[in-house]
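Survey of secondary and tertiary structure
Below, each chain spelled out in residue letters.
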Amino acid sequence: MTVEAEAAIHADPHHIPADADYLTYERGWKSWLTTVDHKRIGVMYLISILLAFFAGGVFALILRTELLTPGRTIMEADTYNEMFTLHGAIMVFLFIIPSIPAAIGNFVLPIMLGAKDVAFPKLNLASLYIYWVGAIFTLVAITQGHIDTGWTFYTPYSTRADNSAIWMTIGVFILGFSSILTGLNFIATVHTMRGPGMHWRRLPLFIWGTYATAVIQVLATPVLAITLALLAMEKIVGVGVFDPALGGDPVLFQHFFWFYSHPAVYIMILPGMAIVNEVIATFSRRKIFGYMFIAMSSVALALLGFLVWGHHMFVSGQSEYATMVFSALTFLVAIPSGVKIFNWLATLYQGSISLESPMLYSLAFIALFTIGGLTGLFLGTLSTDIHLHDTYFVVAHFHYVMVGGTVFGFLSGLHYWWPKITGRLYDERWARVAFSLVFIGFNVTFLSQFVLGSRGMPRRYYSYLDQFQPLHMTSSGGAYVLGVGFLVMAVMFAKSLKSGEKAGRNPWGSAGYEWQTSPRPHPHNFAEQPVFTRGPYDYHLASERELFTGTDAEWDTHVAKKAEA
Amino acid sequence: MSTDAHGNSKFLQHHYDTPAQQFGAAKLGMWLFLAQELLFFSGLFVAYGVYRSWYPDAWVVGSHLLDYRMGTANTCVLLLSSFTAVMAVRSAQTGNQKATGNFLLATIFLAGCFMVVKYFEYHHKFEVGYLPGQHFAPHGEGLVEIVAAARETGVNGVPFHLRTFFGLYFVMTGIHGLHVLVGMFVMGWMWNRNRKGEFSKRYSTPVEMTALYWHLVDIIWIFLFPLLYLID
Ligand code: HEM
Ligand SMILES: [Cu+2]
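Residues numbered from 1 in each chain as written. Chains lettered and ligands numbered in written order. Predicted model: local features only at pLDDT ≥ 70, side-chain atom pairs only at ≥ 80, totals over all residues. Heavy atoms only, no water.

Assigned secondary structure in chain A consists of 19 helices and zero strands. Computed over the C-alpha atoms, the radius of gyration of chain A is 24 Å, within 12% of the 24 Å expected from 2.2 N^0.38 for a compact globule of 565 residues. Referenced to the eigenvectors of the C-alpha coordinate spread, the extents of chain A come out at roughly 80 × 50 × 45 Å. Of all 565 residues assigned to chain A, the portion counted as buried reaches 60%. Across chain A, every contact between residues at least 6 apart in sequence was considered, and the portion connecting residues at least 24 apart equals 81%. (Helix = DSSP H or I, 4+ residues; strand = E, 2+ residues; numbered from the N terminus. Rg over C-alpha atoms; globule rule 2.2 N^0.38 Å. Buried < 20%, exposed > 50% of the residue type's maximum accessible area, 1.4 Å probe, protein only. Contact = heavy atoms within 4.5 Å.)

Shown next as structure tokens:
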């Protein structure tokens, strides 16, 4: 090193030693609250959404317990209505929507791009603060009286009845801005922060997926924002845009709401699919099949997602012609979804598959998402939807896509990147036990709901006919198994944090770029700017060093042994 | 990132390699933000379109009750302010610190004029009871004006949905006005940064982004004005 270069490094306030890692480089809670490091922000998001998931999960178990018997089991009907509203709103707005993009995406996206950070690090931190403020409003809603509108806030009930929907509306409005800022940041990052050699055809598919998601976040969320703003003004100053008594139209609210909320289901599922791409390639040790098809199908889903909102309103009094058009467009969504499934299966074909926990979750994703998607077609068909609308069939459908899809995808990613985030390994046996419990529990809970729904059990009901009891009890039983599964997983991860074995830089032997950083990444992601010379799935081009699964020390002994031989 | 040869390091954030990259990111980010804003307003425009096609009578009368002279004046004021905003950017890019400050002040002043005119418009409507939705209760002069407007436009009686018209009028212009206030605030901030000499030929991105935002606020008004004031 020249004297000048050395002097420059000492003069540079941003210079960080090569062996620093993002978790321990700075310490103290202040350093966390003021950080602009995308990895730390990702970790704080992760903790926040896991808390939300826990809260939403507790509400879910309460609901299932109430449904063990017809009539009152543990609470009154009014309380039940509050419980399902809180469950739905927390799960959707506080957990699923920020889950993969803001927590996992924040952590890995810039690393995969070879960037030091996202394009707007301060905005990134701001989005987390906004999320917290939104969450506080949601909590206030709980304490300010009762909120029982369901997560959809349909008018005129939400504006006329005596409830605290207004607080939650404001909370969700605020959460929306957090989501917009994340999306905006990711788009700008992908466009302007790619490292040398990272051209568009080399982007990891995880990035294509989060990119498509970000487009929806930026373009759909503001429509929800204005809808909720109108709802709030309706409640506060009686503007009357959605109130039939004042000449407004409640169906317009539904149009607005679903114009956001259908695209929002792609905000939920695309990142899940994005994770599955990475995991399937890694655990098949194979170049992903049909790279461009997968990338473009994400974009296609993002765009098509804007054209099908009317399928939630087939029985709301839409014109007959509109319903037919929406039904036909809904069927089109099956094409890009199918493209993905076929490409994943083709990737698995003749791969050298290993079934570690991330892979188990991803394989489960494929199966469960297929069920969720295919049952969507029953709902998209006009004649069958008249029968199935607002029954447990719909509940089962969206849980298969949102839990079977997004949550399994999220768990797959959490297991997959856990060693990179924490620098530690976890106990694979217990991870598999947890997986089995979650998988079985989930299917028992929701398969029975398909049957319930097709037999006419309406959704959002507190009580039911006696004939439904066996299936309801089965469903509740499954929910408890699911709960135990998550408990096992939580203990497994806690043990890993406390005493897990130290991970190497690439414990899964992946060719993905993010595995080339040190076990816990450097604050600037790579101590030296990487230059990308191969694709993220090019196993045939990756060096032995890149694919080595042990720690750096083990690599040294490995090299020494080889030299001896 | 160490200090580079151009002496730009103060404004080049550590995670960017070059000022060009930083500028590109800022610009893209701003355009995305504007796209987001447009979609935010689009909800209001859709609601407007739906109700206008359902209740044409109320819309014709309602638009007649708005004072198109005030609206026109405000349109001119905003157009002029977009011009001064452009000039502020131009001066910042050429490194003319004093002119930048003055053009920013001029823009803030014009925005203030817009708000004052809006205040008088709102004030009059409050007085005569042209309030949104549930509170709509025209009286005295307000009633007289409505009857006159109805006669002039060939509408029978007082359309019930005038309340919807005024509901949307207040929401649309109110949210737009909020954007004007935010713009004034941001321009004041820019004025202060300019005063401290933070901008130069090499670095004027924040001023440029602020101007982009201001043009959006202007364009939205360009749509609001004919839709609300001039439709009969
Ligand atoms: C793959 C193709 C899909 C199709 C064809 C489809 C179709 C539908 C249809 C027609 C409905 C309305 C049913 C009714 O209310 O009568 C519906 C409801 C729903 N879907 Fe999907 N869907 C698909 C994927 C997804 C995905 C990926 C998600 C989420 C990740 C999702 C989440 C939901 C939710 C949350 C509802 C219920 C909304 C409510 O009323 O609370 N769907 N789906
Ligand atoms: Cu939908």
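So much for the structure itself; the text now carries on.
Residue and element names in this part refer to chain A. When only protein atoms are considered, the iron atom of ligand 1 has one donor, H397 (NE2), at a distance of 2.2 Å. Taken as a pair, the iron atom of ligand 1 and the copper ion (ligand 2) show a spacing of 4.4 Å. Looking at the secondary structure, you find H397 in helix α15 (residues 392–422). (Donors = N, O, S within 2.8 Å, 3.2 Å for Na, K, Ca; no water.)

All names here are of chain A. As a matter of local geometry, ligand 1 sits amid 21 residues, with D385, H389, H397, F398 and R459 nearest to it. Side-chain polar atom of D385 to an oxygen atom of ligand 1: 2.6 Å apart, as the coordinates give it. In this structure, an oxygen atom belonging to ligand 1 sits 2.6 Å away from a side-chain N or O atom of H389. Secondary-structure elements contributing two or more residues to the shell around ligand 1 are α9 (250–284), α13 (357–380) and α15. For the shell around ligand 1, the residue count by class is eleven nonpolar, eight polar and two charged. (Near = heavy atom within 4 Å. Polar contact = N/O pair within 3.5 Å; in protein donor to acceptor, adjacent residues only side chain to side chain. Nonpolar A, V, L, I, M, F, W, Y, C, P; charged D, E, K, R; others polar.)

What follows covers the packing of aromatic side chains. Counted by the stated rule, this structure contains 68 aromatic pairs over all chains. Ring centres 6.4 Å apart and planes at 35° place the aromatic pair B:F199 and B:Y203 in the tilted group. On the basis of relative accessibility, which here comes to 9%, the residue B:F199 falls in the buried class. Residue B:Y203 is classed as buried on the basis of its relative accessible area, which comes to 13%. Within the aromatic cluster, the residues linked to one another by ring pairs are A:Y361, A:F378, A:F393, A:Y400, A:F408, A:F435, A:F439, A:F442, A:F446 and A:F450. Over the face of the ring belonging to A:W32 we find A:R40, whose NZ or CZ atom lies 4.2 Å from the ring centre. Note that B:R163 overlies the ring of B:F160, its terminal NZ or CZ placed 4.3 Å from the centroid. (Phe/Tyr/Trp six-rings, centres within 6.5 Å; stacked < 30°, edge-to-face > 60°. Lys NZ or Arg CZ within 6 Å of the ring centre and 35° of its normal.)

What follows deals with the interface of chain A and chain B. Counting residues at the interface gives 39 residues for chain A, matched by 40 residues for chain B. Of the roughly 3200 Å² buried at the junction of chain A and chain B (both faces included), carbon and sulfur atoms supply 72%. Among the residues chain A hides against chain B, the three largest losses belong to A:K116, A:I226 and A:L246. Together they make up 16% of the total. Counting across the chain A and chain B interface gives zero salt bridges. (Buried area = accessible area lost by both parts, 1.4 Å probe. Salt bridge = Lys/Arg side-chain N within 4 Å of Asp/Glu carboxyl O.)

Moving on: the nonpolar core. One recurring pattern in soluble globular proteins is that nonpolar side chains are buried together. A:F93, A:W417 and B:F166 are the most contacted members of the largest nonpolar core, which has 237 residues in total. Composition of this core by domain shows at least three residues from each of domain 1 (31–266) and domain 2 (506–565) of chain A. (Core = buried A, V, L, I, M, F, W, Y, C linked by side-chain atoms within 4.5 Å. Domains from an automatic or database assignment.)

Here we take up the domain arrangement of chain A. All names here are of chain A. Per the domain assignment, the segments making up chain A are domain 1 (31–266) and domain 2 (506–565). The gap between the C-alpha centroids of domain 1 and domain 2 is 37 Å. Between domain 1 and domain 2, roughly 1400 Å² of surface is buried when both sides are summed, and carbon and sulfur atoms account for 61% of that area. When residues of domain 1 are sorted by the area they lose upon contact with domain 2, I111, P196 and R202 head the list and together hold 39% of the total. At the junction of domain 1 with domain 2, the criterion picks out zero salt bridges. At the junction of domain 1 with domain 2, the criterion picks out twelve residue pairs in polar contact (both at pLDDT 80 or more). Taken together, the elements giving at least two residues each to the side of domain 1 that touches domain 2 come down to α3 (38–66), α4 (77–113) and α8 (205–237). If you tally residues by element for the side of domain 1 that touches domain 2, the top one is α4, at five residues. Residues of the side of domain 1 that touches domain 2, tallied by class, amount to twelve nonpolar, four polar and five charged.

Look at helix α6 (residues 162–195) of chain B: 48 Å from first C-alpha to last across 34 residues, which is about the 50 Å you get at 1.5 Å a residue. Once α6(B) ends, the next one or two residues include B:G197, with phi positive near 75°. (Expected span 1.5 Å × (residues − 1).)

The subject of this paragraph is the coordination of the copper ion (ligand 2). Note on metal geometry: ideal angles are 109.5 degrees for four donors arranged tetrahedrally and 90 or 180 degrees for six donors arranged octahedrally. Protein coordination at the copper ion (ligand 2): the donors are A:H262 (ND1), A:H311 (NE2) and A:H312 (NE2), at 1.8 to 2.0 Å from the metal. Positions of the donor residues of the copper ion (ligand 2) along the chain correspond to the pattern H-x48-H-H.

Our focus in this paragraph is the packing of α8(A) against helix α10 (residues 291–304) of chain A. Residue and element names in this part refer to chain A. Two numbers describe how α8 lies on α10: the axes approach to 9 Å, and their chain directions differ by 15°. It follows from the interaxial angle that α8 and α10 lie roughly parallel. As α8 packs across α10, the resulting crossing turns out to be right-handed. Counting all contacts with α8, which are made through L205, W208, G209, A212 and I216, the residues of α10 involved are Y291, M292, I294, A295, M296, S298, V299 and A302. Each residue belonging to the contact of α8 with α10 can be placed in one class, and the counts come to eleven nonpolar, two polar and no charged. (Axes fitted to C-alpha atoms, helices over the stretch in contact; angles between N-to-C directions. Parallel < 35°, antiparallel > 145°, perpendicular 65-115°, else oblique. Left-handed = near helix turned anticlockwise from the far one by under 90°.)

What follows covers the packing of α3(A) against helix α5 (residues 121–143) of chain A. All names here are of chain A. Following both chains from N to C, one finds α3 and α5 inclined at 15°, their axes separated by 10 Å at the closest point. Viewed along their axes, α3 and α5 adopt a mutual orientation that is roughly parallel. Handedness of the crossing formed by α3 with α5: left-handed. For the pair α3 and α5, the contacting residues are H38, I41, M44, Y45, S48, I49 and A52 in the first and P121, N124, L125, S127, L128, Y131 and W132 in the second. When its residues are assigned to classes, the contact of α3 with α5 shows ten nonpolar, four polar and no charged.

This next bit is on the environment of A:G310. Residues and elements named next belong to chain A. Here G310 is to be found in the loop between α10 and α11 (320–332). You can call G310 buried: its relative accessible area is 0%. Distance in space between the C-alpha atoms of G310 and G380 is 9.9 Å, their sequence separation being 70 residues. Sequence-distant contacts of G310, that is, excluding residues within four places in its chain, are made with Q318 and F326.

Another point: the state of the cysteines. All names here are of chain B. The tally for this structure, following the rule as stated, stands at zero disulfides over all chains. With no disulfide of its own, C76 lies 12 Å from the sulfur of C113, the closest cysteine sulfur. Residue classification places C113 among the partly exposed positions, given a relative accessible area of 25%. (Disulfide = S-S within 2.5 Å.)

A separate point is the pattern of salt bridges. Under the counting rule described, the total for this entry stands at 15 salt bridges over all chains. Among the salt bridges present, the one from A:R432 reaches A:E428, with a minimum N-O distance of 2.8 Å. Here the residue A:R432 and the residue A:E428 both occupy positions in helix α16 (residues 428–454), the gap between them amounting to four residues, near one helical turn. With a closest N to O distance of 3.2 Å, B:K118 and B:E121 form a salt bridge.

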